[in-house]
Amino acid sequence: MTTSVLSVASEVFPLIKTGGLADVAGALPLALAEHGFAVRTLMPGYPDVLKRVGRGKIACRFANLFGGKAEILAVRYGELDLLVLDAPHLFDRPGGPYVTPAGYDHPDNWARFAALSKAGAAVAQGAIAGFSPDIVHAHDWQAALTPVYLAVSNKPRPRTVVTIHNLAFQGNYPSSIFADLGLPATTWSIEGVEYYGNVGYLKGGLHAADVVTTVSPTYAEEILTPEGGMGLDGLLRGLGDRLVGIVNGIDVEVWDPQSDPAIAKAYSARSPKARSHNKRALEGEFGLRRDDGPIFAVVSRLTWQKGLDLVANACDDLVERGIRLVVVGSGDQMIEGQFLAAHARHPDRVGVRIGYDETLSHRVQAGADAILIPSRFEPCGLTQLYGLRYGCIPIVTKVGGLADTVIDANYAATSAGVATGIIFSPPAAPALVEAAERAHRLYDDGKRWRDMQICAMNADVSWRASARLYADLYRDLIKE
Ligand code: ADP
Ligand code: GLC
């Protein structure tokens, strides 16, 4: 029997993406299909999304959704079964999903994502004829009011799951918006959305959900501590076994070095030497000098969370040690500036592209020798998984999902032939440089590096195991 699931997310690959959330929201439904779950995904109708999916079929209408008319369009896009919330007064505007063209938060984000959640709750309770989901799965703060709206309704409701992709983003707004959310006064409480005198979207969702998941077992532990909990650790500790950590997978068809149309030459774990064509191509693309040394790469939001100030500060040290660097990313202007300055100092050893470029990210994973991910915290992280899949050795800090997905090349692991990367701690420049040196020594060894590459490429980074865990969790919830 097929069980139906409504997933609610503010970004979904390949339609709109600012980070890993989109990759997960786009890939998990396909993996769950293999376990007998039919997932429909509700997402906002941003201009780019509507342009790409077309008009579809109107599945339901709202006469007034936070200040204007709205419709939900039912469309298929590739293998995704989408419900697109077309609410022009909220989503038809320039800029990114969350920010204006100048990079500031849209001032009405509180209404835009309360609307997404309210529409989610309506769909969960039968607003679309013939669709009554058994499970509603809301991702991050943007969808977290969905279970709150459901909890206060007196109609029957499906079971609810909220997934925390990053506790740093909580959706906190001043109390003045509360009256416009259409929630009963009783939700202005510790068990509701009230959060230190503000309205907390994620906070409310965590309370209301039947189960809360996060994207790795280690992050599920870290967020129970005051340092990792970002103000919510008390609430999270109170969840007990209603909080579960399930590591993300990746779409191994989109990310497959054997068939990737973006890269210069296809290769696999059986032919890792063919990677060298991609390395040469990368040197060409970034104007790097050709030599026998390694290329280490960064593909990331350039932020404090990602620890990329550490790499920016260590550029000269790394170059001095014969390491060339390729950086693709955007974010913090100070870090962007530091990388551009490093490029100016070492134009043929440090290549920098400020911006977001999906296909370039594939070429980097295929051509660089290692990918640097010195995150200060990392709920899961997907770039290390892409690195493993492409034989681009991850050099990562010992936090969150990085610690759960990479096997450090220590003596035991290399002797046993199971190492897949380099793990270091703490997230600080000296440890980073030391880790880079350790990677360089392994690289110079040739054979040990190649063994590690093959091991990395053979690691199972697909959704297979984790989709099963979500499937079991859904089934247990339905049974309860
Ligand atoms: P987060 O979601 O915290 O940014 P993840 O590692 O989970 O971190 O996911 C980041 C995703 O965004 C990956 O798919 C990565 O390849 C992609 N990405 C980040 N920055 C860029 C960029 N500048 N160009 C292309 N892809 C990028
Ligand atoms: C968030 C996290 C990242 C995670 C992604 C997908 O953006 O920062 O670690 O991989 O969500 O779950």
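Just above sits the structure.
In this text, all values refer to a predicted model and were calculated from it rather than measured experimentally. (Residues numbered from 1 in each chain as written. Chains lettered and ligands numbered in written order. Predicted model: local features only at pLDDT ≥ 70, side-chain atom pairs only at ≥ 80, totals over all residues. Heavy atoms only, no water.)

Undergrad: Which residues make up the site of ligand 2, and what values do they have?
TA: For ligand 2, the set of nearby residues contains 14 residues, the closest of which are His 165, Asn 248, Glu 378, Cys 380 and Gly 381. Between ligand 2 and Asn 248 there is a distance of 2.8 Å, counted from an oxygen atom to a side-chain nitrogen or oxygen. A distance of 2.5 Å separates an oxygen atom of ligand 2 from a polar atom in the side chain of Glu 378. In isolation ligand 2 exposes 310 Å². Once the protein is present, 92% of that is buried. Ranked by the residues each element gives to the shell around ligand 2, the list is headed by helix α1 (residues 20-33), at three residues. Residues of the shell around ligand 2, tallied by class, amount to six nonpolar, six polar and two charged. (Near = heavy atom within 4 Å. Polar contact = N/O pair within 3.5 Å; in protein donor to acceptor, adjacent residues only side chain to side chain. Areas by Shrake-Rupley, 256 points an atom, 1.4 Å probe, with all protein chains shown as cover. Helix = DSSP H or I, 4+ residues; strand = E, 2+ residues; numbered from the N terminus. Nonpolar A, V, L, I, M, F, W, Y, C, P; charged D, E, K, R; others polar.)

Undergrad: Talk me through the sheet that holds strand β8 (residues 172-173); I want residue IDs and the actual numbers.
TA: If you trace the three strands from one edge of the open sheet to the other, you get β8-β10-β9, paired in antiparallel fashion. Both outer strands of the open sheet, β8 and β9 (194-195), are each paired with one neighbouring strand and no more. Packing against the sheet, helix α7 (residues 201-208) makes contact with β8, β9 and β10 (198-200), and its axis sits at approximately 55° to β10. (Pairing = 2+ DSSP bridges. Contact = heavy atoms within 4.5 Å. Axes fitted to C-alpha atoms, helices over the stretch in contact; angles between N-to-C directions.)

Undergrad: Could you give me a rundown of the sheet that holds strand β18 (residues 422-424), with the residues and numbers involved?
TA: Strands in a sheet are paired, the pairing made by backbone hydrogen bonds, and the direction either parallel or antiparallel. Strand order across the open sheet formed by six strands is β15-β14-β13-β16-β17-β18, with parallel pairing between neighbours. The sheet is open, and its two edges are formed by β15 (350-354) and β18, each paired on a single side. Taken pair by pair, the neighbouring strands of this sheet meet at an average axis angle of 15°, ignoring direction. Examined bridge by bridge, strand β13 (residues 295-302) and strand β16 (residues 370-373) share two bridges and lie parallel to one another. Each residue of the ladder has a partner; that of Phe 296, found in β16, is Ala 370. In the packing of helix α15 (residues 383-390) onto the sheet, the strands contacted are β13, β16 and β17 (393-397), and the crossing angle to β16 comes to about 165°.

Undergrad: Got a sec to walk through the site of ligand 1? Specific residues and values, please.
TA: Residues in close proximity to ligand 1 total 19 residues, the closest being Lys 17, Gly 20, Asp 23, Arg 301 and Gly 355. Interatomic distance of 2.8 Å between a side-chain N/O atom of Lys 17 and an oxygen atom of ligand 1. The separation between an oxygen atom of ligand 1 and a polar side-chain atom of Lys 306 is 2.8 Å. Burial of ligand 1 by the protein chains amounts to 92% of its free accessible area of 560 Å². Within the residue set of the shell around ligand 1, elements represented by two or more residues are α1, β13, β14 (324-331), α14 (358-367) and α15. With three residues, the top contributor of residues to the shell around ligand 1 is β13.

Undergrad: Could you give me a rundown of helix α19 (residues 447-458), with the residues and numbers involved?
TA: In a regular helix each residue adds 1.5 Å, so twelve residues correspond to 16 Å; α19 covers 16 Å between its end C-alpha atoms and thus fits that length. Trp 449, Met 452, Gln 453, Cys 455, Ala 456 and Met 457 are the residues of α19 that are buried. (Expected span 1.5 Å × (residues − 1). Buried < 20%, exposed > 50% of the residue type's maximum accessible area, 1.4 Å probe, protein only.)

Undergrad: If you had to explain the packing of aromatic side chains to someone new, which residues and values would you point to?
TA: Counted under the stated rule, the structure contains 17 aromatic pairs. Measuring from centroid to centroid gives 5.0 Å for Tyr 195 and Tyr 196, while their planes differ by 45°, and the two rings are tilted. A relative accessible area of 10% means that Tyr 195 is categorised as buried. With relative accessibility at 67%, the residue Tyr 196 sits in the exposed group. One aromatic cluster is present, built from ring pairs that chain together Tyr 46, Phe 91, Tyr 98, Phe 113, Trp 141, Tyr 173 and Tyr 201. A cation over a ring is seen here: Arg 40 above Phe 131, with NZ or CZ 4.8 Å from the ring centre. (Phe/Tyr/Trp six-rings, centres within 6.5 Å; stacked < 30°, edge-to-face > 60°. Lys NZ or Arg CZ within 6 Å of the ring centre and 35° of its normal.)

Undergrad: Give a description of the layout of surface pockets that names residues and reports values.
TA: Empty space within the second largest pocket amounts to approximately 580 Å³. Listed by contribution, the elements that provide at least two residues to the lining of the second largest pocket are α1 and α20 (464-479). In terms of residues, the lining of the second largest pocket owes the most to one element, α1, which gives five residues. Here the lining of the second largest pocket is composed, by residue class, of 14 nonpolar, four polar and seven charged. (1 Å grid on protein atoms, 1.4 Å probe; cavity = no way out; pocket = protein on both sides within 12 Å on 5 of 7 lines; lining within 4 Å. Points joined across faces, edges and corners; volume = space filled by probe spheres on them.)

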